[in-house]
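# Structural overview for review
Residues per chain are reported as follows:
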Amino acid sequence: MFETTAWKERVLRPARRVGAADALLPAAFVALSFVPGVAHQGVDLVELPDDRSLDSLGLALIAAQAAPLALRRRFPLTCLVVVAAAFTAFQLLRYPNAFASLALIVALYTAGTRPPRRPVPVIVGAVAAYALVCSLLHLAGSRATVADYFAFGLALAACCALGGWVRARALDAEERRRRAEADAAAAERARIARDLHDVVTHHVTSMVVQADTAGYLLEQSDRVETTLTSIGETGRRALDDLRHLLGVLDAREEPTGPSLGELAGLVERSRRAGQNVDLVEDGEPRPMRPQEEEALYRVVQESVTNALKHAPDRHVVVRIDHGDEAVGARITTGGGAPPAEGTGPPRPHPGGGRGLTGLRERVGAVGGELRAGPSDDGGFTVHANIPRGKK
(Lines give C-alpha, C1' and ligand atoms only; values in the text may rest on other atoms or scores of the structure.)
Protein backbone atom coordinates (compact mmCIF):
# COMPACT_ATOMS: atom_id res chain seq x y z
CA MET A 1 0.00 0.00 0.00
CA PHE A 2 2.79 2.43 0.88
CA GLU A 3 4.61 1.71 -2.37
CA THR A 4 1.46 2.24 -4.46
CA THR A 5 0.73 5.56 -2.74
CA ALA A 6 4.33 6.69 -3.20
CA TRP A 7 4.43 6.20 -6.95
CA LYS A 8 1.03 7.87 -7.39
CA GLU A 9 2.34 10.89 -5.51
CA ARG A 10 5.42 10.93 -7.75
CA VAL A 11 3.26 10.86 -10.90
CA LEU A 12 1.00 13.77 -9.97
CA ARG A 13 3.12 15.58 -7.40
CA PRO A 14 2.65 19.36 -7.56
CA ALA A 15 5.65 21.29 -8.82
CA ARG A 16 7.84 22.66 -6.05
CA ARG A 17 8.91 25.71 -8.06
CA VAL A 18 7.03 28.06 -10.34
CA GLY A 19 8.22 27.45 -13.90
CA ALA A 20 8.33 29.88 -16.80
CA ALA A 21 5.15 28.43 -18.33
CA ASP A 22 3.29 28.87 -15.04
CA ALA A 23 4.25 32.55 -14.93
CA LEU A 24 3.59 33.20 -18.61
CA LEU A 25 0.05 31.79 -18.59
CA PRO A 26 -1.52 34.41 -16.26
CA ALA A 27 0.42 37.15 -18.04
CA ALA A 28 -1.06 35.98 -21.35
CA PHE A 29 -4.60 36.00 -19.91
CA VAL A 30 -4.18 39.58 -18.69
CA ALA A 31 -2.59 40.78 -21.93
CA LEU A 32 -5.28 39.20 -24.13
CA SER A 33 -7.92 40.98 -22.05
CA PHE A 34 -6.86 44.21 -23.83
CA VAL A 35 -6.35 42.89 -27.37
CA PRO A 36 -9.12 44.04 -29.73
CA GLY A 37 -11.18 41.18 -31.08
CA VAL A 38 -10.51 38.78 -28.19
CA ALA A 39 -10.62 41.10 -25.18
CA HIS A 40 -14.30 40.35 -24.45
CA GLN A 41 -14.19 36.64 -25.36
CA GLY A 42 -14.57 35.01 -21.97
CA VAL A 43 -16.96 33.41 -19.49
CA ASP A 44 -20.18 35.37 -18.96
CA LEU A 45 -22.66 33.99 -16.47
CA VAL A 46 -25.28 36.67 -15.92
CA GLU A 47 -25.51 39.34 -18.61
CA LEU A 48 -26.33 42.07 -16.11
CA PRO A 49 -27.70 45.26 -17.64
CA ASP A 50 -25.89 48.59 -17.70
CA ASP A 51 -22.35 47.33 -17.88
CA ARG A 52 -19.87 49.33 -15.87
CA SER A 53 -16.85 50.81 -17.60
CA LEU A 54 -13.48 49.33 -16.71
CA ASP A 55 -11.63 51.22 -13.94
CA SER A 56 -8.76 50.54 -11.55
CA LEU A 57 -10.84 48.12 -9.50
CA GLY A 58 -11.79 46.26 -12.65
CA LEU A 59 -8.12 46.04 -13.66
CA ALA A 60 -7.29 44.64 -10.24
CA LEU A 61 -10.04 42.03 -10.56
CA ILE A 62 -8.76 41.03 -14.02
CA ALA A 63 -5.31 40.51 -12.52
CA ALA A 64 -6.84 38.64 -9.55
CA GLN A 65 -8.57 36.22 -11.91
CA ALA A 66 -5.39 35.38 -13.82
CA ALA A 67 -2.51 35.72 -11.33
CA PRO A 68 -3.38 32.69 -9.12
CA LEU A 69 -2.80 30.40 -12.10
CA ALA A 70 0.94 30.76 -11.49
CA LEU A 71 0.49 28.65 -8.34
CA ARG A 72 -2.23 26.33 -9.59
CA ARG A 73 0.01 23.22 -9.53
CA ARG A 74 1.15 23.74 -5.94
CA PHE A 75 -2.14 25.01 -4.48
CA PRO A 76 -4.92 23.97 -6.88
CA LEU A 77 -7.84 24.40 -4.45
CA THR A 78 -6.64 27.78 -3.17
CA CYS A 79 -6.12 28.91 -6.74
CA LEU A 80 -9.68 27.91 -7.67
CA VAL A 81 -11.18 29.72 -4.67
CA VAL A 82 -9.33 32.99 -5.42
CA VAL A 83 -10.11 32.87 -9.15
CA ALA A 84 -13.79 32.07 -8.51
CA ALA A 85 -14.09 34.90 -5.96
CA ALA A 86 -12.51 37.43 -8.32
CA PHE A 87 -14.71 36.19 -11.19
CA THR A 88 -17.87 36.53 -9.06
CA ALA A 89 -16.95 40.04 -7.93
CA PHE A 90 -16.17 41.03 -11.53
CA GLN A 91 -19.63 39.79 -12.60
CA LEU A 92 -21.51 41.38 -9.70
CA LEU A 93 -19.90 44.77 -10.31
CA ARG A 94 -21.16 44.61 -13.93
CA TYR A 95 -17.82 45.00 -15.64
CA PRO A 96 -17.71 44.08 -19.32
CA ASN A 97 -16.68 40.52 -20.04
CA ALA A 98 -12.88 39.96 -20.11
CA PHE A 99 -10.65 37.26 -21.58
CA ALA A 100 -9.13 36.73 -18.11
CA SER A 101 -12.39 35.12 -16.97
CA LEU A 102 -11.31 31.99 -18.86
CA ALA A 103 -8.86 31.46 -15.99
CA LEU A 104 -11.83 29.95 -14.14
CA ILE A 105 -11.88 27.06 -16.66
CA VAL A 106 -8.15 26.43 -16.19
CA ALA A 107 -8.45 26.53 -12.41
CA LEU A 108 -11.34 24.05 -12.46
CA TYR A 109 -9.45 21.66 -14.75
CA THR A 110 -6.35 21.82 -12.55
CA ALA A 111 -8.39 21.15 -9.42
CA GLY A 112 -9.79 18.07 -11.15
CA THR A 113 -6.30 16.73 -11.87
CA ARG A 114 -5.26 17.21 -8.23
CA PRO A 115 -8.30 16.42 -6.08
CA PRO A 116 -8.20 17.05 -2.31
CA ARG A 117 -7.66 14.21 0.15
CA ARG A 118 -11.21 14.67 1.48
CA PRO A 119 -13.32 15.52 -1.59
CA VAL A 120 -16.82 15.26 -0.07
CA PRO A 121 -16.62 18.39 2.16
CA VAL A 122 -15.05 20.30 -0.74
CA ILE A 123 -17.83 19.29 -3.14
CA VAL A 124 -20.54 20.22 -0.63
CA GLY A 125 -18.87 23.57 0.00
CA ALA A 126 -18.53 24.25 -3.74
CA VAL A 127 -22.22 23.53 -4.38
CA ALA A 128 -23.25 25.78 -1.48
CA ALA A 129 -20.95 28.57 -2.67
CA TYR A 130 -22.31 28.31 -6.21
CA ALA A 131 -25.89 28.49 -4.93
CA LEU A 132 -24.98 31.62 -2.94
CA VAL A 133 -23.38 33.22 -6.01
CA CYS A 134 -26.46 32.47 -8.11
CA SER A 135 -28.68 34.06 -5.43
CA LEU A 136 -26.52 37.19 -5.31
CA LEU A 137 -26.57 37.51 -9.10
CA HIS A 138 -30.34 37.13 -9.13
CA LEU A 139 -30.69 39.85 -6.48
CA ALA A 140 -28.36 42.06 -8.53
CA GLY A 141 -30.81 41.91 -11.41
CA SER A 142 -29.47 39.10 -13.56
CA ARG A 143 -31.77 38.02 -16.39
CA ALA A 144 -30.52 34.39 -16.16
CA THR A 145 -33.10 31.72 -15.34
CA VAL A 146 -32.78 28.72 -13.05
CA ALA A 147 -32.13 26.58 -16.12
CA ASP A 148 -29.30 28.93 -17.12
CA TYR A 149 -27.70 28.65 -13.70
CA PHE A 150 -28.09 24.88 -13.75
CA ALA A 151 -26.54 24.55 -17.23
CA PHE A 152 -23.65 26.82 -16.27
CA GLY A 153 -23.07 24.76 -13.13
CA LEU A 154 -22.98 21.58 -15.21
CA ALA A 155 -20.43 23.18 -17.53
CA LEU A 156 -18.22 24.09 -14.58
CA ALA A 157 -18.53 20.56 -13.18
CA ALA A 158 -17.63 19.14 -16.60
CA CYS A 159 -14.38 21.14 -16.63
CA CYS A 160 -13.46 19.71 -13.26
CA ALA A 161 -14.51 16.20 -14.32
CA LEU A 162 -12.33 16.46 -17.43
CA GLY A 163 -9.33 17.10 -15.20
CA GLY A 164 -10.26 14.07 -13.09
CA TRP A 165 -10.55 11.90 -16.22
CA VAL A 166 -7.12 13.01 -17.45
CA ARG A 167 -5.69 12.26 -14.01
CA ALA A 168 -7.24 8.78 -14.02
CA ARG A 169 -5.77 8.10 -17.46
CA ALA A 170 -2.33 9.22 -16.29
CA LEU A 171 -2.53 6.99 -13.21
CA ASP A 172 -3.70 4.06 -15.32
CA ALA A 173 -0.86 4.53 -17.81
CA GLU A 174 1.67 4.74 -15.00
CA GLU A 175 0.22 1.65 -13.36
CA ARG A 176 0.49 -0.29 -16.64
CA ARG A 177 4.09 0.88 -17.08
CA ARG A 178 4.95 -0.06 -13.49
CA ARG A 179 3.37 -3.49 -13.87
CA ALA A 180 5.18 -4.07 -17.17
CA GLU A 181 8.48 -3.21 -15.49
CA ALA A 182 7.67 -5.49 -12.56
CA ASP A 183 6.69 -8.33 -14.91
CA ALA A 184 9.85 -7.86 -16.95
CA ALA A 185 11.97 -7.87 -13.79
CA ALA A 186 10.19 -11.00 -12.51
CA ALA A 187 10.67 -12.74 -15.85
CA GLU A 188 14.35 -11.85 -15.85
CA ARG A 189 14.77 -13.11 -12.29
CA ALA A 190 13.03 -16.37 -13.25
CA ARG A 191 15.27 -16.75 -16.30
CA ILE A 192 18.42 -16.19 -14.24
CA ALA A 193 17.13 -18.66 -11.64
CA ARG A 194 16.64 -21.25 -14.38
CA ASP A 195 20.13 -20.61 -15.73
CA LEU A 196 21.67 -20.91 -12.28
CA HIS A 197 19.76 -24.11 -11.69
CA ASP A 198 20.91 -25.60 -14.98
CA VAL A 199 24.56 -24.56 -14.59
CA VAL A 200 25.07 -25.31 -10.92
CA THR A 201 23.07 -28.53 -10.89
CA HIS A 202 24.85 -29.99 -13.89
CA HIS A 203 28.40 -29.16 -12.93
CA VAL A 204 28.12 -29.71 -9.20
CA THR A 205 26.31 -33.01 -9.69
CA SER A 206 29.06 -34.12 -12.05
CA MET A 207 31.70 -33.13 -9.50
CA VAL A 208 29.90 -34.95 -6.69
CA VAL A 209 29.55 -38.14 -8.72
CA GLN A 210 33.19 -38.01 -9.76
CA ALA A 211 34.31 -37.37 -6.19
CA ASP A 212 32.28 -40.37 -5.03
CA THR A 213 33.79 -42.40 -7.85
CA ALA A 214 37.30 -41.29 -6.83
CA GLY A 215 36.68 -42.60 -3.35
CA TYR A 216 35.43 -45.89 -4.75
CA LEU A 217 38.47 -46.16 -7.06
CA LEU A 218 41.12 -45.49 -4.46
CA GLU A 219 42.17 -49.08 -4.83
CA GLN A 220 42.59 -48.50 -8.59
CA SER A 221 45.21 -45.77 -8.55
CA ASP A 222 45.48 -45.65 -12.34
CA ARG A 223 41.92 -44.22 -12.62
CA VAL A 224 41.96 -41.90 -9.60
CA GLU A 225 44.15 -39.28 -11.29
CA THR A 226 41.86 -39.16 -14.34
CA THR A 227 38.78 -38.75 -12.16
CA LEU A 228 40.29 -35.96 -10.08
CA THR A 229 41.42 -34.15 -13.24
CA SER A 230 37.88 -34.35 -14.55
CA ILE A 231 36.59 -32.86 -11.29
CA GLY A 232 38.93 -29.90 -11.72
CA GLU A 233 37.81 -29.37 -15.33
CA THR A 234 34.16 -29.52 -14.31
CA GLY A 235 34.74 -26.98 -11.55
CA ARG A 236 36.43 -24.61 -13.97
CA ARG A 237 33.53 -25.06 -16.41
CA ALA A 238 31.07 -24.21 -13.62
CA LEU A 239 33.01 -21.03 -12.85
CA ASP A 240 32.98 -20.04 -16.54
CA ASP A 241 29.22 -20.53 -16.78
CA LEU A 242 28.65 -18.58 -13.57
CA ARG A 243 30.74 -15.72 -14.96
CA HIS A 244 28.51 -15.78 -18.04
CA LEU A 245 25.40 -15.48 -15.86
CA LEU A 246 26.92 -12.63 -13.91
CA GLY A 247 27.65 -10.95 -17.23
CA VAL A 248 23.92 -11.10 -18.00
CA LEU A 249 23.36 -8.89 -14.96
CA ASP A 250 25.94 -6.36 -16.16
CA ALA A 251 24.35 -3.97 -18.65
CA ARG A 252 27.79 -3.15 -20.06
CA GLU A 253 28.25 -6.70 -21.35
CA GLU A 254 26.40 -8.64 -24.02
CA PRO A 255 27.09 -12.25 -23.09
CA THR A 256 26.07 -15.16 -25.32
CA GLY A 257 24.73 -18.43 -24.02
CA PRO A 258 25.75 -21.96 -24.90
CA SER A 259 24.99 -23.26 -28.40
CA LEU A 260 24.25 -26.66 -29.95
CA GLY A 261 27.84 -26.83 -31.11
CA GLU A 262 28.87 -27.31 -27.49
CA LEU A 263 26.80 -30.47 -27.02
CA ALA A 264 29.76 -32.69 -27.94
CA GLY A 265 31.77 -31.17 -25.09
CA LEU A 266 28.83 -31.61 -22.71
CA VAL A 267 28.52 -35.30 -23.62
CA GLU A 268 32.26 -35.83 -23.29
CA ARG A 269 32.30 -34.30 -19.81
CA SER A 270 29.39 -36.51 -18.80
CA ARG A 271 31.28 -39.57 -20.00
CA ARG A 272 34.28 -38.60 -17.91
CA ALA A 273 31.91 -38.27 -14.96
CA GLY A 274 31.01 -41.93 -15.44
CA GLN A 275 27.77 -41.68 -17.45
CA ASN A 276 27.35 -43.79 -20.61
CA VAL A 277 26.14 -41.11 -23.04
CA ASP A 278 25.88 -41.18 -26.84
CA LEU A 279 25.18 -38.19 -29.08
CA VAL A 280 23.36 -38.76 -32.39
CA GLU A 281 22.57 -35.95 -34.82
CA ASP A 282 20.18 -36.31 -37.75
CA GLY A 283 19.93 -33.78 -40.56
CA GLU A 284 21.99 -30.77 -41.51
CA PRO A 285 22.81 -28.35 -38.65
CA ARG A 286 21.77 -24.80 -39.50
CA PRO A 287 21.94 -21.53 -37.59
CA MET A 288 19.22 -20.74 -35.08
CA ARG A 289 18.56 -17.77 -32.87
CA PRO A 290 20.81 -17.75 -29.78
CA GLN A 291 17.93 -18.09 -27.34
CA GLU A 292 16.62 -21.15 -29.23
CA GLU A 293 20.02 -22.85 -29.24
CA GLU A 294 20.48 -22.13 -25.56
CA ALA A 295 17.04 -23.58 -24.76
CA LEU A 296 17.88 -26.84 -26.54
CA TYR A 297 21.30 -27.00 -24.91
CA ARG A 298 19.74 -26.57 -21.46
CA VAL A 299 17.22 -29.34 -22.19
CA VAL A 300 20.05 -31.74 -22.97
CA GLN A 301 22.14 -30.51 -20.03
CA GLU A 302 19.32 -30.92 -17.51
CA SER A 303 18.33 -34.34 -18.85
CA VAL A 304 21.88 -35.68 -18.72
CA THR A 305 22.29 -34.21 -15.24
CA ASN A 306 19.16 -35.97 -14.02
CA ALA A 307 20.39 -39.23 -15.50
CA LEU A 308 23.74 -38.73 -13.79
CA LYS A 309 22.00 -38.11 -10.46
CA HIS A 310 19.29 -40.74 -10.56
CA ALA A 311 20.56 -43.43 -12.96
CA PRO A 312 24.35 -43.22 -13.20
CA ASP A 313 24.59 -46.79 -14.52
CA ARG A 314 22.06 -46.40 -17.35
CA HIS A 315 22.72 -45.77 -21.01
CA VAL A 316 21.68 -42.30 -22.22
CA VAL A 317 21.07 -41.44 -25.87
CA VAL A 318 20.91 -37.79 -26.93
CA ARG A 319 19.34 -37.48 -30.38
CA ILE A 320 19.22 -34.07 -32.13
CA ASP A 321 16.94 -33.82 -35.17
CA HIS A 322 17.80 -30.83 -37.38
CA GLY A 323 14.56 -30.38 -39.29
CA ASP A 324 13.64 -27.75 -41.86
CA GLU A 325 11.03 -26.03 -39.68
CA ALA A 326 12.09 -27.09 -36.21
CA VAL A 327 14.88 -28.71 -34.21
CA GLY A 328 14.10 -31.51 -31.81
CA ALA A 329 16.04 -32.99 -28.91
CA ARG A 330 15.16 -36.42 -27.58
CA ILE A 331 17.05 -37.66 -24.52
CA THR A 332 16.36 -41.24 -23.54
CA THR A 333 17.64 -42.85 -20.36
CA GLY A 334 17.45 -46.62 -20.61
CA GLY A 335 15.80 -48.79 -17.99
CA GLY A 336 17.11 -51.92 -16.32
CA ALA A 337 17.90 -53.29 -12.89
CA PRO A 338 20.18 -51.23 -10.64
CA PRO A 339 23.67 -52.60 -9.87
CA ALA A 340 24.08 -54.99 -6.99
CA GLU A 341 24.98 -53.67 -3.54
CA GLY A 342 28.67 -52.77 -3.35
CA THR A 343 29.45 -53.20 -7.08
CA GLY A 344 29.60 -49.53 -8.01
CA PRO A 345 29.98 -46.04 -6.64
CA PRO A 346 27.37 -44.65 -4.26
CA ARG A 347 24.18 -43.51 -6.05
CA PRO A 348 23.00 -39.99 -5.32
CA HIS A 349 19.58 -39.89 -3.74
CA PRO A 350 16.91 -38.45 -6.02
CA GLY A 351 15.56 -35.15 -4.81
CA GLY A 352 12.95 -32.64 -5.78
CA GLY A 353 13.77 -29.71 -7.96
CA ARG A 354 12.51 -27.19 -10.48
CA GLY A 355 14.36 -28.69 -13.46
CA LEU A 356 11.51 -29.86 -15.68
CA THR A 357 9.31 -26.91 -14.73
CA GLY A 358 12.09 -24.51 -15.63
CA LEU A 359 12.73 -26.35 -18.91
CA ARG A 360 9.07 -26.13 -19.92
CA GLU A 361 9.08 -22.40 -19.22
CA ARG A 362 12.32 -21.90 -21.14
CA VAL A 363 11.18 -23.94 -24.16
CA GLY A 364 7.73 -22.32 -24.13
CA ALA A 365 9.33 -18.86 -24.12
CA VAL A 366 10.79 -19.53 -27.60
CA GLY A 367 7.60 -21.06 -28.98
CA GLY A 368 8.51 -24.70 -28.40
CA GLU A 369 7.04 -27.67 -26.58
CA LEU A 370 8.55 -30.07 -24.06
CA ARG A 371 7.27 -33.49 -23.00
CA ALA A 372 8.79 -35.75 -20.38
CA GLY A 373 7.82 -39.06 -18.83
CA PRO A 374 8.75 -42.68 -18.16
CA SER A 375 9.35 -45.04 -21.06
CA ASP A 376 8.10 -48.59 -21.51
CA ASP A 377 11.42 -50.19 -20.44
CA GLY A 378 11.45 -48.38 -17.10
CA GLY A 379 13.63 -45.55 -18.30
CA PHE A 380 12.83 -41.91 -18.86
CA THR A 381 12.44 -39.78 -21.99
CA VAL A 382 12.58 -36.01 -22.46
CA HIS A 383 11.51 -34.63 -25.85
CA ALA A 384 11.74 -30.97 -26.81
CA ASN A 385 10.72 -29.46 -30.14
CA ILE A 386 11.56 -25.85 -30.98
CA PRO A 387 10.52 -24.17 -34.25
CA ARG A 388 13.20 -22.26 -36.11
CA GLY A 389 12.83 -18.51 -35.80
CA LYS A 390 14.05 -15.92 -38.27
CA LYS A 391 17.56 -14.79 -37.53
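Structural data are supplied above this passage.
Summarised in this report is the structure supplied together with it. All figures in this text were calculated on a predicted structure; none of them were measured in a lab.

### Notes on the nonpolar core
If you look at the biggest cluster of nonpolar residues, it comprises 26 residues, and the most contacted ones within it are L296, V299, V300 and V318. Broken down by secondary-structure element, the contributors of at least two residues to this core are α9 (263-272), α10 (290-310), β2 (315-322), β3 (326-333), α11 (355-365) and β5 (380-387). Broken down by element, this core gets its largest block of residues, 7 residues, from α10. When sequence neighbours within four positions are dropped, the list of residues in contact with L296 reads L260, M288, V327, A329, A384 and I386. The next biggest cluster of nonpolar side chains, apart from the first, holds 17 residues, and it includes F29, A103, A107 and L156.

### Digging into the packing of helix α4 (residues 76-92) against helix α6 (residues 119-139)
To describe two helices that pack against each other, one gives the angle between their axes and the distance between the axes. Interaxial distance between α4 and α6 falls to 11 Å at its minimum, and their mutual angle equals 10°. When the axis of α4 is compared with that of α6, the two are roughly parallel. Along its contact with α4, which presents L77, T88, Q91 and L92, the element α6 presents V122, V133, L136 and L137. Of the residues in the contact of α4 with α6, the class split is 6 nonpolar, 2 polar and no charged.

### Remarks on the pattern of salt bridges
Using the criterion set out here, one finds 13 salt bridges in the structure. D172 is the salt-bridge partner of R176, the closest N and O atoms lying 2.1 Å from each other. A residue pair is termed a helical-turn pair when its members lie 3 or 4 positions apart in one helix, as R176 and D172 do in helix α7 (residues 146-216) at 4 residues. Judged by relative accessible area, which is 37%, D172 ranks as partly exposed. Measuring nitrogen to oxygen at the nearest pair gives 3.3 Å for the salt bridge that ties R178 to E175. One end of the pair, R178, and the other, E175, are both in helix α7, 3 residues apart, so they sit about a helical turn from each other.

### A look at α9
Of all the residues in α9, the buried ones are L263, L266, V267, R269 and S270. Angularly, the buried residues of α9 cover 160° about the axis, an arc narrow enough to put them on a single face. Looking one or two residues beyond α9, the residue adopting positive phi is G274, at roughly 110°.

### As for the layout of surface pockets
It is a probe the size of a water molecule, rolled over the atoms, that shows where empty space is left. The calculated volume of the largest pocket comes to roughly 950 Å³. Forming the walls of the largest pocket are 30 residues, and the residues nearest its centre are L80, L108, A126, V127 and Y130. Elements that contribute at least two residues to the lining of the largest pocket include exactly α4, α5 (103-113), α6 and α7. The residue inventory of the lining of the largest pocket, partitioned by class, reads 26 nonpolar, 4 polar and no charged.

### Section: the pairing of strand β1 (residues 276-283)
Here 8 bridges tie β1 to β2, and the two strands are oriented parallel to one another. Looking at the pairing, V277 lines up with V316 of β2. Once you follow β1 into α10 and on to β2, the crossover reads as left-handed.

### Considering a nonpolar patch on the surface
Among the surface-exposed residues, L32, V35 and V38 lie close enough to one another that they form a single nonpolar patch of about 170 Å² accessible area. Relative accessible area serves as the criterion here: at 31%, L32 is assigned to the partly exposed category.

### Quick look at the side chain of E293
Tracing the backbone through its elements, the reader meets E293 in helix α10. Using a relative accessible area of 15% as the deciding quantity, one classes E293 as buried.

### Side note on the packing of aromatic side chains
Applying the stated criterion to the full structure yields 2 aromatic pairs. Between F29 and F99 the ring centres are 5.6 Å apart and the planes differ by 35°, which places this aromatic pair in the tilted class. With a gap of 70 residues between them, F29 in helix α2 (residues 20-32) and F99 in the loop between α4 and α5 connect regions that are remote in the sequence. Taken together, a centroid distance of 5.2 Å and an interplanar angle of 25° make the contact between F90 and Y95 stacked.

### Quick look at the packing of α9 against α10
Here α9 crosses α10 at 5°, and the two axes come no closer than 11 Å. The angle between α9 and α10 falls in the class roughly parallel. Where α9 approaches α10, its residues L263, L266, R269 and S270 are matched on the opposing element by Y297, V300, Q301 and V304. Residue composition of the contact of α9 with α10, grouped by class: 5 nonpolar, 2 polar and 1 charged.

Parameters and conventions
Residues numbered from 1 in each chain as written. Predicted model: local features only at pLDDT ≥ 70, side-chain atom pairs only at ≥ 80, totals over all residues. Heavy atoms only, no water. Core = buried A, V, L, I, M, F, W, Y, C linked by side-chain atoms within 4.5 Å. Buried < 20%, exposed > 50% of the residue type's maximum accessible area, 1.4 Å probe, protein only. Helix = DSSP H or I, 4+ residues; strand = E, 2+ residues; numbered from the N terminus. Contact = heavy atoms within 4.5 Å. Axes fitted to C-alpha atoms, helices over the stretch in contact; angles between N-to-C directions. Parallel < 35°, antiparallel > 145°, perpendicular 65-115°, else oblique. Nonpolar A, V, L, I, M, F, W, Y, C, P; charged D, E, K, R; others polar. Salt bridge = Lys/Arg side-chain N within 4 Å of Asp/Glu carboxyl O. Arc of directions from axis to C-beta. 1 Å grid on protein atoms, 1.4 Å probe; cavity = no way out; pocket = protein on both sides within 12 Å on 5 of 7 lines; lining within 4 Å. Points joined across faces, edges and corners; volume = space filled by probe spheres on them. Pairing = 2+ DSSP bridges. Right-handed = clockwise from strand over helix to strand, strands pointing away. Patch = residues over 30% accessible without salt bridge, like charges linked within 9 Å, V, L, I, M, F, W, Y side chains within 5 Å. Areas by Shrake-Rupley, 256 points an atom, 1.4 Å probe, with all protein chains shown as cover. Phe/Tyr/Trp six-rings, centres within 6.5 Å; stacked < 30°, edge-to-face > 60°.

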